[in-house]
Amino acid sequence: MAIDREMPLKEQMKFDMRAEEVDIMEGDPQLDADGGATINFGPEVQMSEGHTENLADFLSDGDLDVISRDLVEAYEGDKDSREEWSSTYAEGLDLLGMKYEERSNPFPGASGVSHPLLAESVTQFQAQSYKELFPAGGPVKTQVMGMTNPQVEAQSGRVKEFMNYQLTHVMEEYEPELDQMLFHLPLSGSAFRKIYFDNTLGRPVSKFVSSEDLVVPYEATDLMTCARITHVVKMMSNELRKFQVSGFYRDIDLEDPKDDDPSKVKEKIDEIDGKKKAYTKDNVHTLLEMHVDLDLPGYEDANEAGEETGISLPYIVTIEDNSGEILSIRRNWNEQDPLKIKKQYFVHYKFLPGLGFYGFGLIHMLGGLTKTATSILRQLIDAGTLVNLPAGFKARGLRIRDDDQPLVPGEFRDVDAPAGDIRNSLVPLPYKEPSGTLFNLLGFVIESGKSFAAVADMKLGEGNEVNPVGTTMALLERGMKVMSAIHKRMHMAQGKEFKLLAQLFAETLPNVYPYQVVGGNQAVKAQDFDERIDVIPVSDPNIFSVTQRVTLAQQQLQLAQAAPEMHSLPEAYRRMYEAMGVQNIEALMPPPPQPQPKDPATENSDLLAGMPAQAFQGQNHDAHIASHFSLMTSTVVKSNPMAMANIQAHVMQHISLKAQEEIQAEVQQQMMQMPPEQQQMMQQQMMMEMQNRVAEREAELIDNFVTELEDALKDSTQDPLVELKKEELELREQDMERKAQEAQLKLELEERKADDRKETDEDRIDQQKDALAIRSAIAAEKLEKDSKNKMMDKAEKITANLEKTAANILNPNGSQQ
């Protein structure tokens, strides 16, 4: 390959030469007579790498050093920008009171107890949210998007059961990680979940990432638009070596990591846990996994013409913090995505929204109250200690035997008092009893903190007093207002997490994946995780406590008992039992027997006995109609008007179901041929069309049935009863035709209205255009007229001036001077 010396170096390197290509170059470049150079690359070179390859293996050491230096510098700046946040968080952890403080001020042995306001609030929140976000049956439920049918309902059930099975049995880390996250969340105000596919486990995982291990830039507002996300990962040397041997990371020599200085938060957590690093040969590496946008040399973004756009693309860069070596650079977008949108791996859980990226926790909101409560509590205890063990002044001449030992109950000691009166020689300091005002202030501070954290005891009824349901609901709503809003944020974040997990399942599952559940094996398809099924948390974002749920169910039951004709009492009782958490409700409330499909002979027997019969979907409606038709033409039924009416009503049920099933099958076949996004757009229109077609088909089937019945009964046309029934059938047929015509007329009327609106809009636009043209012409004409008038006035003035000048020039006799 010849290189032109006059060509800019950047243009010469358009062929995207890599470091590996330079290494395989045979010999030195040969200079040509025309000033160029020839480079011999030796045998045929293959330059291709997959979308998921480690691009760090294809970049030169110089490029990697530049990228590493820039990213590490950016990470250090991001970490320094939140130094105040880390200090506040670390100081707030002391307020938990997990460690007793030995104090020497204001006197040795002063109380070092901490008030448990913050610890109680955190524990209460963790206990409530844990059972709401991860119930025993699984945290996932599904919702069908768009039209439903038996196939889609079955798909929804498979997705729900599979994801709950994965989260409760296969993903063993999910529940303990969620439990730990819910304890950190109310403290720091922010917690994160990382959802990714673990190659070593061969399945998706969802890990808890604490707020101190996820660093973002100062100007970040959310994870979606964040330009740089750094996840600080601690990894043992042996685990890191496994990733290097497997090819996930670059196989390069790394120095033994140095003991880095832990962060303030980490130091405080270790102090609270009572841990101290003693063994220093574990060789724990600190990896910086950075989700950033880069313009990599040799991998620049280009448009359709092949020209570089200068747009930075999303990558995941992993750097060993101690050495600054880049271990991997991988693309962070889907290969089929033409827009190259960044893939999301993290979900942000917020306790309170805060004023920036990180949320506010109870440390921020209750830290001041907890400090105040702790201070007041220590003052009260210290005051009691001083009162119980008083101190004071003793006269110099007063001698007490063993005065260096305190008195014990029941002991009397000898005293030599010079003045004869011991009271004159002893002056105790005036210590007061613990202040009642201070005690009341402590109660006020505690109640304020509990009211904010919604952990106060709500006395909904004492003794025989029972509050009305409305009062109870008002008290619950007022007491749980803050926690309900926090629960809604967690519900939304968990929904995002489940969507990321469902997306991973769709990308990584085989075509059919079997799994074992109670009662047998089940199977789920990768295609089940499509846009028709929406995966959402099973928790209710509007209800955060069992008390609130039971109260709502109790109110529903009271309303159902007050108006049983308008409600289903069994369903109201069932909801009450579910709110109370009763298991095996079916044993307490067995479901009522449901009507079952019957054969035509049994239906004929019931109809002759005056019992009602019911048609069901999926039956052979033609066979049932033929059997009932034969019964109607029998002599027994001809003479029994009640039986004839019952049979005719039952036949109409079969005709209606037959028409619905035929039209529904045709509509579903048409919908299946449409793409999913078009199905949602055409859903309402297809439903209206289906109703019209069902009415037309019913009218056709009824007409055929009536005609056949008339032919079968033509021998008994003189019978008044037959004539009456015939007229009744004719009226029914006319009514059906009328309904079909009304539906058709309604549809045509809507179309005409749409056409009229369109014509009216077009006429209005034309009129506006004409009016605008007229106004423009009038304005132009007026402008022209004004211009002419001004010119004429100016000409007249000039003429008058000329005449006046001429008159002055002429003499009185009219002769020229």
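Residues numbered from 1 in each chain as written. Predicted model: local features only at pLDDT ≥ 70, side-chain atom pairs only at ≥ 80, totals over all residues. Heavy atoms only, no water.

Peer 1: What am I meant to see in the sheet that holds strand β12 (residues 346-350) here?
Peer 2: Within a sheet, neighbouring strands are paired by backbone hydrogen bonds and run either parallel or antiparallel to one another. If you walk across this open sheet you meet the three strands as β6-β5-β12, and the pairing is antiparallel. Strands with a single pairing partner mark the edges of an open sheet, and in this sheet they are β6 (203-210) and β12. Across the sheet, the mean angle from the axis of one strand to that of its neighbour is 25°, orientation sign disregarded. Relative to β12, strand β5 (residues 190-198) is paired through five bridges, and the arrangement is antiparallel. When the bridges of β12 are listed, R193 appears paired with V347. Running at roughly 155° to β5, helix α7 (residues 174-188) makes contact with β5, β6 and β12 of the sheet. (Pairing = 2+ DSSP bridges. Helix = DSSP H or I, 4+ residues; strand = E, 2+ residues; numbered from the N terminus. Axes fitted to C-alpha atoms, helices over the stretch in contact; angles between N-to-C directions. Contact = heavy atoms within 4.5 Å.)

Peer 1: Sorry, what's going on with helix α15 (residues 569-580) here?
Peer 2: A turn of α-helix holds 3.6 residues, and therefore any two residues three or four places apart point the same way. Taking 1.5 Å of rise per residue, twelve residues should cover 16 Å, and α15 covers 17 Å from first to last C-alpha, within 8% of that figure. At the exit of α15 stands G581, carrying a positive phi of roughly 80°. (Expected span 1.5 Å × (residues − 1).)

Peer 1: I keep staring at the packing of helix α10 (residues 362-388) against helix α11 (residues 436-453) and nothing clicks. Help me out?
Peer 2: Packed helix pairs are characterised by how far apart their axes lie and by the angle those axes make with each other. The N-to-C vectors of α10 and α11 enclose an angle of 160°; their axes lie 9 Å apart at closest approach. One way to sum up the angle between α10 and α11 is to call them roughly antiparallel. In terms of crossing hand, the pair formed by α10 and α11 is left-handed. Along its contact with α10, which presents L362, M365, L366, L369, T372, A373, I376, L377, Q379 and L380, the element α11 presents L438, F439, L441, L442, V445, S448, G449, F452 and A453. Looking at the contact of α10 with α11 residue by residue, the classes come out as 15 nonpolar, four polar and no charged. (Parallel < 35°, antiparallel > 145°, perpendicular 65-115°, else oblique. Left-handed = near helix turned anticlockwise from the far one by under 90°. Nonpolar A, V, L, I, M, F, W, Y, C, P; charged D, E, K, R; others polar.)

Peer 1: Sorry, what's going on with the nonpolar core here?
Peer 2: The nonpolar side chains of a soluble globular protein tend to be buried, and buried together. In this structure, L93, F162, M163, L214, F351, L501 and F529 are the most contacted members of the largest nonpolar core, which totals 70 residues. For this core, the element with the highest residue contribution is helix α13 (residues 481-508), accounting for ten residues. Among all residues touching L214, those that are not within four sequence positions of it are R82, F192, V209, L223, I229, T230, F346 and Y358. Counting 28 residues, the second-largest nonpolar core is a separate cluster that includes M632, V651, F705 and L729. (Core = buried A, V, L, I, M, F, W, Y, C linked by side-chain atoms within 4.5 Å. Buried < 20%, exposed > 50% of the residue type's maximum accessible area, 1.4 Å probe, protein only.)

Peer 1: Is there a simple way to think about a negative patch on the surface in this case?
Peer 2: A surface patch of like charges, here negative, comprises E750, E751, D755, D756, E759, E762, D763, D766 and D770. Assignment of secondary structure puts D756 in helix α22 (residues 720-809). (Patch = residues over 30% accessible without salt bridge, like charges linked within 9 Å, V, L, I, M, F, W, Y side chains within 5 Å. Areas by Shrake-Rupley, 256 points an atom, 1.4 Å probe, with all protein chains shown as cover. Salt bridge = Lys/Arg side-chain N within 4 Å of Asp/Glu carboxyl O. Lys, Arg positive; Asp, Glu negative; His and termini not counted. Charge placed at Lys NZ, Arg CZ, Asp CG, Glu CD.)

Peer 1: Please clarify how the pairing of strand β8 (residues 228-236) should be interpreted in this entry.
Peer 2: Remark: a regular strand shows side chains that alternate across the two faces of the sheet. By the criterion of burial, β8 is predominantly enclosed, with seven of the nine residues buried. Pairing of strand β7 (residues 214-215) with β8, which is carried by two bridges, proceeds in the antiparallel orientation. Bridge pairing in β8 links V215 to T230. When β8 meets strand β9 (residues 284-294), the two strands line up antiparallel, connected through nine bridges.

Peer 1: Whenever I open this one, the environment of A572 confuses me. Can you help?
Peer 2: Within the secondary structure layout, A572 lies in helix α15. A572 sits in the buried class, given a relative accessible area of 8%. With 14 residues separating them along the chain, A572 and Q558 place their C-alpha atoms 8.9 Å apart. Setting aside residues no more than four positions away along its own chain, A572 makes contact with L557 and A560.

Peer 1: Can you walk me through the pairing of strand β4 (residues 140-144) in this structure?
Peer 2: With burial as the criterion, only one face of β4 is covered, namely that bearing V140, T142 and V144; the residues K141 and Q143 on the opposite face remain uncovered. Here β4 runs beside strand β19 (residues 533-537); their pairing, made up of five bridges, is antiparallel. Residue pairing across strands places K141 opposite I536, the latter belonging to β19.

Peer 1: What should I look at first to understand helix α17 (residues 600-608) in this one?
Peer 2: Among the residues of α17, those classed as buried are E603, N604, D606 and L607. Considered in projection along α17, the buried side chains sweep an arc of 165° and stay on one side of the axis. Elements that come into contact with the buried residues of α17 comprise α18 (621-632) and α20 (641-672). Looking at where α17 begins, the residue whose side-chain oxygen comes 3.2 Å from the main-chain nitrogen of A601 is D599. At the exit of α17 stands G610, carrying a positive phi of roughly 85°. (Arc of directions from axis to C-beta. Polar contact = N/O pair within 3.5 Å; in protein donor to acceptor, adjacent residues only side chain to side chain.)

Peer 1: Can you help me understand the pattern of salt bridges in this one?
Peer 2: Opposite charge on two side chains permits pairing when their charged atoms draw close. Summed over the entire model, instances satisfying the criterion amount to 27 salt bridges. The partner of R203 in a salt bridge is E173, with the nearest N and O atoms 3.0 Å apart. Residue R203 is found in strand β6, and its partner E173 is found in the loop between α6 (150-170) and α7; the two are separated by 30 residues along the sequence. Taken individually, R203 and E173 each receive the classification buried, so the pair is uniform in this respect. Among the ionic pairs, R732 bridges to E728, the shortest N-O distance being 3.4 Å. You can see R732 and its partner E728 sitting in helix α22, four residues apart, about one turn around the helix. Judged by relative accessible area, which is 33%, R732 ranks as partly exposed. For E728, a relative accessible area of 25% translates into the label partly exposed. Salt bridges sharing partners connect three or more residues here, namely D735, R738, K739 and E742.

Peer 1: Sorry, what's going on with the side chain of S539 here?
Peer 2: Within the secondary structure, S539 is located in the loop between β19 and α14 (546-562). Side-chain polar atoms of S539 contact the side chain of H491, separated by 3.0 Å. Dropping the residues within four chain positions of it, S539 is found in contact with E132, L133, H487, H491 and Q494.

Peer 1: Mind showing me how you'd approach empty space enclosed by the protein here?
Peer 2: Over the atoms, a rolling probe the size of a water molecule traces out where space has been left empty. A complete count under the given rule lists two cavities of 30 Å³ or more for this structure. Quantified by volume, the second largest cavity comes out at close to 30 Å³. Looking at the second largest cavity, the residues that line it are I229, H291, K342, K343, Q344, Y345 and F346. Of the residues that constitute the lining of the second largest cavity, the class distribution is three nonpolar, two polar and two charged. (1 Å grid on protein atoms, 1.4 Å probe; cavity = no way out; pocket = protein on both sides within 12 Å on 5 of 7 lines; lining within 4 Å. Points joined across faces, edges and corners; volume = space filled by probe spheres on them.)

Peer 1: Teacher, can you tell me more about the packing of aromatic side chains here?
Peer 2: For any two aromatic rings, the description comes down to two numbers: the centre-to-centre distance and the angle of the planes. All told, the structure shown has 14 aromatic pairs when counted by the stated rule. When the centroid spacing of 4.8 Å and the interplanar angle of 20° are considered together, the rings of W85 and Y358 count as stacked. Of this pair, W85 sits in helix α4 (residues 83-93) while Y358 is found in the loop between β12 and α10, placing the two residues 273 residues apart along the sequence. As far as burial versus exposure is concerned, W85 and Y358 are alike and both buried. (Phe/Tyr/Trp six-rings, centres within 6.5 Å; stacked < 30°, edge-to-face > 60°.)

Peer 1: Explain the sheet that holds strand β10 (residues 313-320) to me, please; I cannot follow it from the model alone.
Peer 2: Reading across from one edge, β7-β8-β9-β10-β11 is the order of the five strands in this open sheet, with antiparallel pairing throughout. Strands at the two margins of the open sheet, each flanked by one partner only, are β7 and β11 (326-331). Its contacts with the sheet place helix α3 (residues 61-81) against β7, β8, β9, β10 and β11, and it is angled at close to 100° to β9. Sheet strands touched by helix α8 (residues 237-246): β8, β9 and β11. Its angle to β8, the strand with the most contacts, is close to 110°.

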